[in-house]
Amino acid sequence: MIVLNAEILCVGTELLLGDVVNTNASDIARGLAHLGINVYHQAVVGDNPGRLADCLRESLSRSDLVLLTGGLGPTYDDLTKETVAAHFGRELVLDEESLQAIEGYYARTGRRMTDNNRKQAMMPRGCRILPNPNGTAPGCILEGEDGKTAILMPGPPREMRPMFDGPVTDYLMRRTHDGILVSRTINFFGIGESALEDQLRERMIASTNPTIAPYAKTSEVQLRVTARASDEAEGNRLIEPVVQEITAAFPEYVYGMDFHSINEAVVRRYTEAGKTLACAESCTGGLVAARLVEIAGASAVLHCGVVAYANQAKRELLGVREETLAGPGAVSRECALEMARGIRRLSKADVAVSTTGYAGPQGADGEPVGLVYVAAVGDGFEEVRELHLARGRADDREHIRFMASSHAFDLALRALRGQKC
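Trainee: Looking at this structure, I do not really get the overall build of the protein chain. What am I missing?
Mentor: On a plain count of helices and strands, the protein chain comes out with 14 helices and 17 strands. Once the C-alpha set of the protein chain is aligned to its principal axes, its extents read approximately 85 × 55 × 40 Å. Within the protein chain, buried positions represent 49% of all 421 residues. Counting only contacts in the protein chain whose residues sit at least 6 apart along the sequence, the fraction spanning at least 24 positions is 67%. Surface exposure of the protein chain reaches about 19,500 Å², of which carbon and sulfur atoms provide 50%.

Trainee: Which parts of the structure should I look at to understand the pattern of salt bridges?
Mentor: One side chain can pair with another of opposite charge once the charged atoms of both are near each other. Scanning the entire structure with this criterion turns up 24 salt bridges. Among the salt bridges present, the one from aspartate 27 reaches arginine 30, with a minimum N-O distance of 2.6 Å. Of this pair, aspartate 27 and arginine 30 both sit in helix 2 (residues 23-34), three residues apart, which is roughly one turn of the helix. Overlapping salt bridges, with partners in common, bring together Glu383, Arg385, Asp410 and Arg414 in one network.

Trainee: Is there a simple way to think about the nonpolar core in this case?
Mentor: Note on soluble globular proteins: their nonpolar side chains tend to be buried together. With 37 residues, the main nonpolar core has Tyr270, Leu277, Val353 and Val372 as its most contacted residues. Those elements that place two or more of their residues in this core are helix 9 (262-273), strand 13 (277-281), helix 10 (287-293), strand 15 (351-357), strand 16 (371-378), strand 17 (381-388) and helix 14 (396-420). The leading source of residues in this core is helix 14, at ten residues. Here leucine 277 is in contact with Val266, Tyr270, Leu292, Val301, Leu302, His303, Cys304, Ala349, Val351, Ala352, Val353 and Ala412, once residues within four sequence places are set aside. Membership of the second largest hydrophobic core comes to 23 residues, among which are Cys10, Ala29, Ile141 and Met163.

Trainee: Can you help me understand the side chain of glutamine 120 in this one?
Mentor: Position of glutamine 120 among the secondary structure elements: in the loop between helix 5 (96-109) and strand 5 (122-124). The exposure class of glutamine 120 is buried, given its relative accessible area of 2%. A distance of 3.2 Å separates the side chain of glutamine 120 from the backbone oxygen of leucine 72, its partner in a polar contact. Not counting residues up to four positions away in its chain, the partners in contact with glutamine 120 are Leu72, Gly73, Pro74, Lys81, Ile102, Thr136, Ala137 and Pro138.

Trainee: Any chance you could explain the sheet that holds strand 8 (residues 149-153) here in plain terms?
Mentor: Sheet strands line up and pair through hydrogen bonds in the backbone, either parallel or antiparallel. Overall, mixed pairing links the six strands, which are arranged 2-1-3-8-7-6 in an open sheet. The open sheet has two edge strands, strand 2 (38-45) and strand 6 (128-130), and neither has a second partner. Put simply, the sheet's adjacent strands are angled 15° from each other on average, direction ignored. Relative to strand 2, strand 1 (residues 5-11) runs parallel, the two being bridged by seven bridges. Each bridged residue has a counterpart across the sheet, and for leucine 9 the counterpart in strand 2 is alanine 43. Across the sheet, helix 2 lies against strand 1, strand 2, strand 3 (65-69) and strand 8, angled at about 165° from strand 1, the strand it touches most. Each of strand 1, strand 2, strand 3 and strand 8 is contacted by helix 3 (residues 49-62), which is oriented at about 170° to strand 1, the strand it contacts most.

Trainee: What is the right way to look at the state of the cysteines in this model?
Mentor: Put plainly, two cysteines are in a disulfide when a covalent bond ties their sulfur atoms together. Counted according to the given criterion, the structure contains zero disulfides. Looking at cysteine 140, it has no disulfide partner, and the nearest cysteine sulfur is the one in cysteine 127, 4.4 Å off. The class for cysteine 140 is buried, based on a relative accessible area of 1%. The thiol of cysteine 283 is not disulfide-bonded; the next cysteine sulfur, from cysteine 335, is found 11 Å away.

Trainee: Whenever I open this one, helix 3 confuses me. Can you help?
Mentor: A turn of α-helix holds 3.6 residues, and therefore any two residues three or four places apart point the same way. For helix 3, spanning 14 residues, the distance from its first C-alpha to its last is 20 Å, which sits close to the expected 20 Å at 1.5 Å a residue. All buried positions along helix 3 are accounted for by Leu52, Leu56, Ser59 and Leu60. Mapping the buried residues of helix 3 onto a view down its axis gives an arc of 90°, with all of them on the same face. Set apart from the buried face of helix 3 by more than 90 degrees, the exposed residues are Arg51 and Ser61. In this structure, the buried residues of helix 3 make contact with strand 1, strand 2, strand 3, helix 4 (80-87) and strand 8. Two or three places before glycine 50, at the opening of helix 3, asparagine 48 has a side-chain oxygen 3.1 Å from that residue's backbone nitrogen.

Trainee: So what exactly am I meant to see when it comes to empty space enclosed by the protein here?
Mentor: Rolled over the atoms, a probe sized like a water molecule indicates the empty space that remains. Under the counting rule described, the total for this entry stands at one cavity of 30 Å³ or more. Of the volumes computed, that of the largest cavity is approximately 40 Å³. Val11, Gly46, Asp47, Asn48, Pro49, Leu52, Asp77, Leu79, Thr80 and Thr83 together form the lining of the largest cavity. Elements supplying a minimum of two residues to the lining of the largest cavity: helix 3 and helix 4. Within the lining of the largest cavity, the residues separate by chemical class into four nonpolar, four polar and two charged.

What counts and how
Residues numbered from 1 in each chain as written. Predicted model: local features only at pLDDT ≥ 70, side-chain atom pairs only at ≥ 80, totals over all residues. Heavy atoms only, no water. Helix = DSSP H or I, 4+ residues; strand = E, 2+ residues; numbered from the N terminus. Buried < 20%, exposed > 50% of the residue type's maximum accessible area, 1.4 Å probe, protein only. Contact = heavy atoms within 4.5 Å. Areas by Shrake-Rupley, 256 points an atom, 1.4 Å probe, with all protein chains shown as cover. Salt bridge = Lys/Arg side-chain N within 4 Å of Asp/Glu carboxyl O. Core = buried A, V, L, I, M, F, W, Y, C linked by side-chain atoms within 4.5 Å. Polar contact = N/O pair within 3.5 Å; in protein donor to acceptor, adjacent residues only side chain to side chain. Pairing = 2+ DSSP bridges. Axes fitted to C-alpha atoms, helices over the stretch in contact; angles between N-to-C directions. Disulfide = S-S within 2.5 Å. Expected span 1.5 Å × (residues − 1). Arc of directions from axis to C-beta. 1 Å grid on protein atoms, 1.4 Å probe; cavity = no way out; pocket = protein on both sides within 12 Å on 5 of 7 lines; lining within 4 Å. Points joined across faces, edges and corners; volume = space filled by probe spheres on them. Nonpolar A, V, L, I, M, F, W, Y, C, P; charged D, E, K, R; others polar.

Printed below as a string of structure tokens:
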């Protein structure tokens, strides 16, 4: 197995300013991991040749391979190719095939090609050229005599991704031809990263192939099991026993496999089951519905959502009893349950969830900020969860709302499993 160490260097002042979200780095990192190539550093540098040269020199001093995106355009500040060529001691020469491809691109799109576009056809002598059928900037691969390699790709994701997935991946597969990395992700909710790691520490330390690594997110934990193998089938054979062992050890916390988030799990699971979901929200203010709608396909699942912030709305829209609001109050187990029952009755959805609580900055009636009740109701299933979510931080309000919505999704998944039993 030829194991390469790589770095990702994304070029563009717009990335540093936050005007453009740098999705290229995550896309490339995932692709390199699948190829079995280690990534230990990533960096972003502006359109400055001096700083870019410094970053490139440092990256190549500690890694075998550097993948660069951006700075291949026709304007004066697009200097990635020039800077990298200078580092490798290569002059730029006109590549006629690249020039013809650029001219063809402008002819197909009905646009006029300007003289500065010829700059994009100037390529480092001796490089491998990477055609770009989706834009005007070809990429290239430079291999140094010291075994170091730089791969240059355009910055726009719609141009970079096909280039990386196609000729770049083919090139890297030849460099690492006898192995890839295959991963499965186990999704947990209701247990922290430290608690999970504490229980699996010895297992993680002893694991070599597959390896086990935890990744904490805002409201959940993911455990990635990764195997190095000759192909995907062999990788899955190595992974499966480990996944089964861990899943069996944490049945109350595992909500699924290979999901990006718990709201995605809800949409996918409910779609597979042909079930619908409704939500009645108070303290989350529509966040439960919003996080569902983030996921493609939510229209098949989300029946309706109601934000009943005022007691009058809870009473008139959801049928919460006046005795409940006057007695236990709007922030109570009783109110959460009646809200869930009310929205399910109103919507005719298979399952309904509700949230009510104190998101801050103040509690009420002597109750603390962070006290939240979340409920779920389905056929043969009713559960209310009392939560204490405050952390004493300035961003607690957003944290409380987000965590409450995640607990609503967890209850929704439990209600769905209850229906299936």
